[in-house]
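Residues per chain are reported as follows:
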Amino acid sequence: MKRALLLLLILLGGCRYTFWPLIPPQESYPPRVSLTGKLVEGEGQVTAVLQVRRWPEPDYLELRWYKGDELVEARSIWLEKAGEVKVELPREPDGFYRLLVLVQDRPVLQLDLGEPSLPPPPAAPGQEPGAG
């Protein structure tokens, strides 16, 4: 009888329904930054209009303005709460420009202006390069 009871306890101990499972406490998501933006062209400049929707705590909003791969200008703006931010940036009439918006060195938004210069696509098999 003792052996049968011991065997029953061992077998039931391996059963998943013999104990109450531990339920971990629910954790809330960390507060995140949420923003949108657009680039408005003007004469010799571009206005970046950023609408900050969620801004959990006061911090710097970093802006990096590129022409192609070359960094033209970098700015840091101190924000205490959500709202609209307007920034004037220099621009020449031609070229591909990119605005990279970072918070704590993490990119959160990229806005492009112009057309990038891409290499030509590879030739299809059996065609000569440059023939068209």
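Throughout what follows, the structure given in this document is the object of discussion.

Procedures and definitions
- Residues numbered from 1 in each chain as written.
- Predicted model: local features only at pLDDT ≥ 70, side-chain atom pairs only at ≥ 80, totals over all residues.
- Heavy atoms only, no water.
- Helix = DSSP H or I, 4+ residues; strand = E, 2+ residues; numbered from the N terminus.
- Contact = heavy atoms within 4.5 Å.
- Buried < 20%, exposed > 50% of the residue type's maximum accessible area, 1.4 Å probe, protein only.
- Pairing = 2+ DSSP bridges.
- Axes fitted to C-alpha atoms, helices over the stretch in contact; angles between N-to-C directions.
- Phe/Tyr/Trp six-rings, centres within 6.5 Å; stacked < 30°, edge-to-face > 60°.

Things to note about the side chain of Ser34
1) Next: Within the secondary structure layout, Ser34 lies in strand β1 (residues 34-41).
2) Next: Beyond its immediate sequence surroundings of up to four residues, Ser34 is in contact with Gln51, Val52, Arg53 and Arg54.

Focus: the environment of Pro58
1) Next: Examined against the element boundaries, Pro58 turns out to sit in the loop between β2 (45-54) and β3 (59-67).
2) Next: Pro58 sits in the partly exposed class, given a relative accessible area of 42%.
3) Next: When the C-alpha positions of Pro58 and Ala82 are compared, they lie 9.5 Å apart, and in sequence the two are 24 residues distant.
4) Next: Not counting residues within four places of it along the chain, the set of residues in contact with Pro58 comprises Trp78, Leu79 and Glu80.

Some remarks on the sheet that holds strand β4 (residues 70-79)
1) Next: One open sheet accounts for four strands, arranged β4-β3-β6-β7; its pairing is antiparallel. The open sheet is flanked by β4 and β7 (106-113), the only strands paired with a single partner. Taking the axes of each pair of neighbouring strands and ignoring which way they run, one obtains an average angle of 20° across the sheet.
2) Next: In the sheet, β3 pairs with β4 via nine bridges, with the strands oriented antiparallel. When the bridges of β4 are listed, Asp59 appears paired with Leu79.

Here we look at the packing of aromatic side chains
1) Next: One pass over the structure, following the stated rule, counts two aromatic pairs.
2) Next: Ring geometry for Tyr60 against Trp78: centres 4.9 Å apart, planes inclined by 70°, an arrangement best described as edge-to-face. Of the two residues, Tyr60 is situated in strand β3 and Trp78 in strand β4; the sequence distance between them amounts to 18 residues.
3) Next: Residue classification places Tyr60 among the partly exposed residues on the basis of a relative accessible area of 43%.
4) Next: Seen in terms of ring centroids, Trp65 and Tyr97 are 5.1 Å apart; in terms of plane orientation they differ by 15°. Their pairing is stacked. Of this pair, Trp65 sits in strand β3 while Tyr97 sits in strand β6 (residues 97-103); the two residues are 32 residues apart in sequence, bridging distant segments of the chain.
5) Next: Taking relative accessible area as the criterion, Tyr97 reaches 2% and is therefore assigned buried.

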